[in-house]
There are 2 protein chains.
Amino acid sequence: MMIRKLIVSLLSVGALVTSINISANEPIQPIKAVKPKNAEVAELGKMLFFDPRLSKSGFISCNSCHNLSLGGTDNIPTSIGHAWQQGPINAPTVLNASMNLAQFWDGRAKDLKAQAGGPIANPGEMASTHKLAVEVLRSIPQYRAQFEKAFGSDLVNIDRVTTAIAAFEETLVTPGSRFDQWLEGDKKALNKAELDGYNLFKSSGCAGCHNGPAVGGALYQKFGVHRPYKTASKAEGRKEVTGKDSDLNVFKVPTLRNIELTYPYFHDGAAATLEEAVKIMGQVQLDRDFNKKEIDNIVAFLKTLTGEQPDFKMPILPPSTNDTPRPQPFN
Amino acid sequence: MMIRKLIVSLLSVGALVTSINISANEPIQPIKAVKPKNAEVAELGKMLFFDPRLSKSGFISCNSCHNLSLGGTDNIPTSIGHAWQQGPINAPTVLNASMNLAQFWDGRAKDLKAQAGGPIANPGEMASTHKLAVEVLRSIPQYRAQFEKAFGSDLVNIDRVTTAIAAFEETLVTPGSRFDQWLEGDKKALNKAELDGYNLFKSSGCAGCHNGPAVGGALYQKFGVHRPYKTASKAEGRKEVTGKDSDLNVFKVPTLRNIELTYPYFHDGAAATLEEAVKIMGQVQLDRDFNKKEIDNIVAFLKTLTGEQPDFKMPILPPSTNDTPRPQPFN
């Protein structure tokens, strides 16, 4: 038994060493596909993610602003909430979000489960309440049955709702990008411009913050390190969480995975194109004015970070019953 | 050759006679699965159906109000349009809509293709223009490639856009309901209450309008034949198309397929439950006050009309390019 354990440990170390070797000198590591720990919980989470009945109006679901057909975001500068309210900040992609050190631009939610409850009850977003959302789900027998399958009893509460949504979101990783193929040894996966762009990405300092498997998401950084970033946005970043003046304009470094899909860019969504985003990042974060060729190469590299997109059947949601609280779209 | 043709013809007649025999005495016929005439056109149509970039805001797609996770409708009395405008009428389901004699409640579009162009350019719905929608699609190389696959050239115009959306919608039929199983000979597919409900549905006159494979959709009828229907809705029905006073409050008879999923009911969405809808229909259309048991039985029958729901992978949409006109959600 001890010997067997020892062998397993040695094998694990071996696997680890191999995996380190592949990208040993690279600041970015490949994304690995994820299998849900509990498939029934993730399946329930998928249903909930697509269900607009979690909103007061019956019109807005998680997928409305984190649209999985569109890279897990809504591709508008700031999101549309209940009654067409304009959101204060750009919707971050839900793809690979499980790799973030915390959720939201200011990191105010410690994980996906803590995040999932936010928009449901935010009057400017889905504008429901946790109590109402739970009442809606509890009134639908097929949902109760899915809670039973997922959790062993048909109890519906917000803790289970957010657990399930987070479990689904944990499956939304995007392995298989051309860049990951290159990292894993296929040296033909990138062309010269892309490789030049990657080398400049490293040598100029981008990779100082945008690193790890998610190419970001692992730390906070001030936006405007060298030159001030001008914005109409009122978002203050980490300061809103910590209260410290030193945290003004400090935001979570966003993932660059699938960045080709998640335009427009920055917390204020002010950069419409990748070229514009790279130019501004060079200026305000690195005190460097990239020339056109440098920008084009970095953009070419960034476009190799698009991975395999979510691949599943559109969920069919169970109908409301006569006991289900009705949506209130217009009052 | 002639003999072979003759045999084939005789076999076809035989098949026809058999199929007539199954439901010979029934006013409702089973729904048959549909194979798209051109799979690439339907595939393009699916992408377009889910693409919110056909709207001015970049937020509203066909699927927003004809949500295929929710029975092809939005389950609110009247729909939410651009800038949260309140629509004038209940969104009809897109499921089995190809079987309707015409589209919209007032039949103002002769078919699905004619319908598809309406909401895109309606200022109260998606609020775009055909010109802008075409410009958006034309700017995206993966869309041009799909138009090429579908139509043989990469020309993008509104005729092709609406042709493709209609081709996708034609695939959205829902065979396999328990009622169809019963029609096709499985006499155990319905229980006694459901069968009693069906018999009452026929004997009381419901099937006078709700008949054919779609259990409706085949004719226009005045809403309020025997007693006036009271509503706050300003919709005038066919009168808005024909200009005739005699067409006031004349609407297309809606399909009852999947009616369990497509609440709330009527053109004004005023009936929240099937029980309420059946009660009112009895009163205003048949001059009959169904008792509770009669209502329950008819509702039990109606719930057997839920068929197989759309079964496909959520489409992944190609990203916009630097040349793509940007959404205008807030102006």
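Here, every reference points to the structure presented above.
These remarks concern the structure in this document. Within every chain, residues take consecutive numbers counted from 1 along the sequence as written. Here the convention is simple: chains get letters from A, ligands get numbers from 1, in the order in which they are written. The predicted origin of the model limits local features to residues at a pLDDT of at least 70 and limits the giving and counting of side-chain atom pairs to 80 or more, whereas totals for whole chains, interfaces and linings rest on all residues. The basis for every side-chain value is the complete set of heavy atoms in the structure, and neither hydrogens nor water enter the calculation.

### Focus: the overall build of chain A
Put simply, the rule is: Strands are runs of DSSP state E lasting at least 2 residues, helices are runs of H or I lasting at least 4, and numbering of each runs from the N terminus. Throughout, radius of gyration means the C-alpha value; the globule benchmark is 2.2 Å times the number of residues raised to the power 0.38.
On a plain count of helices and strands, chain A comes out with 12 helices and 2 strands. Put simply, chain A runs from its N terminus to its C terminus through helices and strands in the order α-α-α-α-α-α-α-α-α-β-α-β-α-α. On C-alpha atoms alone, chain A measures out to a radius of gyration of 21 Å, which is about the 20 Å that the 2.2 N^0.38 rule sets for 331 residues. The C-alpha extent of chain A, read off along each of the three principal axes, is 65 × 60 × 35 Å.

### Some points on the interface of chain B and chain A
To keep it simple, the criterion reads: The contact criterion used throughout is that any non-hydrogen atoms of two residues lie within 4.5 Å. Buried area adds together the accessible area that both of two parts lose upon being put together, with accessible area traced by a 1.4 Å probe. By convention in these notes, a salt bridge is any Lys or Arg side-chain nitrogen within 4 Å of a carboxyl oxygen on Asp or Glu. Pairs of N or O atoms within 3.5 Å make up the polar contacts considered here, provided that, within protein, one atom can donate a hydrogen while the other can accept it, and that residues adjacent in sequence are counted only when both atoms are side-chain atoms. Under this grouping Gly is polar, as are all residues other than the nonpolar Ala, Val, Leu, Ile, Met, Phe, Trp, Tyr, Cys and Pro and the charged Asp, Glu, Lys and Arg.
Taken together, the contacts link 47 residues of chain B with 47 residues of chain A. Both faces combined, the contact of chain B with chain A buries some 4000 Å², and carbon together with sulfur accounts for 68% of it. Among the residues of chain B in contact with chain A, F59, W84 and M314 of chain B are the three that bury the most area, contributing 22% of the side total. Linking D311 of chain A and K313 of chain B is a salt bridge whose minimum nitrogen-to-oxygen distance equals 3.0 Å. For the pair chain B and chain A, the interface holds 16 residue pairs in polar contact (both at pLDDT 80 or more). Across the side of chain B that touches chain A, the residue classes tally to 24 nonpolar, 16 polar and 7 charged.

### Notes on the relation of the copies chain B and chain A
Which entries qualify depends on this criterion: Least squares is the method for superposing the copies, and the C-alpha atoms it fits come from residues with pLDDT of at least 70 in both.
The operation relating chain B to chain A is a screw motion whose rotation component is 180°, with 0.0 Å of axial translation and a residual RMSD of 0.0 Å. Here the transformation between the copies is reduced to the relation of a two-fold axis. Ranked by how close their C-alpha atoms come to the rotation axis, the residues of chain B are headed by K313 of chain B, at 2.0 Å. Interface residue correspondence from chain B to chain A reaches 100%, placing this contact among same-surface, isologous pairings.

### A few points about the environment of G217 of chain B
Residue and element names in this part refer to chain B. Note that G217 resides in the loop between α9 (192–203) and β1 (220–222). Sequence separation between G217 and R178 is 39 residues, and the spatial gap between their C-alpha atoms is 20 Å. G217 has contacts with M99, N100, L101, K252, V253, P254 and T255, leaving out every residue within four places of it along the chain.

### Concerning unusual backbone geometry
Basically, it comes down to this: Working definition: with a 1.4 Å probe on protein chains only, accessible area under 20% of the residue-type maximum means buried, over 50% means exposed, and in between means partly exposed.
That bond from Y263 of chain A to P264 of chain A is cis: its omega, -10°, falls within 30 degrees of zero. By the secondary structure assignment, P264 of chain A is in the loop between β2 (250–252) and α11 (274–286). Positive phi, normally seen in glycine, also occurs at N249 of chain A, with a value near 65°. Summarising the element assignment, N249 of chain A is placed in the loop between α10 (239–242) and β2. Here the phi dihedral of D287 of chain B falls at roughly 55°; this positive angle occurs in a residue that is not glycine. In this fold, D287 of chain B is placed in the loop between α11 (274–286) and α12 (292–302). On the basis of relative accessible area, D287 of chain B is assigned to the partly exposed category, the value being 44%.

### Let's talk about the nonpolar core
Our working definition: Definition used in this section: a nonpolar core is a set of buried Ala, Val, Leu, Ile, Met, Phe, Trp, Tyr and Cys residues joined via side-chain atoms within 4.5 Å.
With 78 residues, the main nonpolar core has L48, L68 and Y143 of chain A together with L48, L68 and Y143 of chain B as its most contacted residues. Among residues more than four places away in sequence, those in contact with Y143 of chain A are L44, M47, L48, D51, R53, L137, L317 and P318 of chain A.

### Quick word on the state of the cysteines
Cut-off, in case you're wondering: Disulfides are defined as pairs of cysteine sulfur atoms found within 2.5 Å of each other.
Per the stated rule, a full pass over the model turns up 0 disulfides over all chains. A disulfide-free cysteine, C209 of chain A has its sulfur positioned 9.3 Å from the sulfur of C206 of chain A, the nearest such atom.

### Quick word on the packing of helix α2 (residues 39–50) of chain B against helix α6 (residues 141–151) of chain B
Residues and elements named next belong to chain B. Note the cut-off: For helices, the axis comes from a line fit to the C-alpha atoms of the stretch in contact; other axes are also lines fit to C-alpha atoms, and the angle between any two N-to-C directions lies between 0 and 180 degrees. When the near helix sits turned anticlockwise from the far one by under a right angle, the crossing is termed left-handed; a clockwise turn instead gives a right-handed crossing.
Close contact between α2 and α6 brings their axes to 7 Å; oriented N to C, the two are set at 150°. In this structure, the crossing between α2 and α6 has a hand that is left-handed. Along the contact surface, α2 presents E40, V41, E43, L44, M47 and L48, while α6 presents Y143, Q146, F147, K149, A150 and F151. Taken together, the residues of the contact of α2 with α6 sort by class into 8 nonpolar, 1 polar and 3 charged.

### Description of the pattern of salt bridges
Opposite charge on two side chains permits them to pair, given that their charged atoms come into close proximity. Going through the model one piece at a time under the given rule, you end up with 37 salt bridges over all chains. K192 of chain A is paired through a salt bridge with D196 of chain A; the nearest N and O atoms lie 2.6 Å apart. Of this pair, K192 of chain A and D196 of chain A both sit in helix α9 (residues 192–203), separated by 4 residues, roughly a single helical turn. Judged by relative accessible area, which is 27%, D196 of chain A ranks as partly exposed. Note that K37 of chain B and E170 of chain B form a salt bridge whose closest N and O atoms lie 3.9 Å from each other. Separated by 133 residues along the polypeptide, K37 of chain B in the loop between α1 (2–22) and α2 and E170 of chain B in helix α7 (residues 158–170) bring together distant segments of the chain.

### Some points on the packing of aromatic side chains
For clarity, the threshold we go by: Any Phe, Tyr or Trp ring, taking Trp's six-membered ring, that has another such ring centre within 6.5 Å forms a pair; planes under 30 degrees apart are called stacked, those over 60 apart edge-to-face, and the others tilted.
In total, this model carries 32 aromatic pairs over all chains according to the counting rule given. Taking 6.2 Å as the distance between ring centres and 90° as the angle between the ring planes, the aromatic pair formed by W105 of chain B and F251 of chain B counts as edge-to-face. Within this pair, whereas W105 of chain B is found in the loop between α3 (62–65) and α4 (112–121), its partner F251 of chain B is found in strand β2 (residues 250–252), the two being separated by 146 residues in sequence. Note on accessibility: W105 of chain B and F251 of chain B belong to one class, buried. Every member of this aromatic cluster is reached through a ring pair, and the members are F179, W182, Y198, F201 and F301 of chain A.

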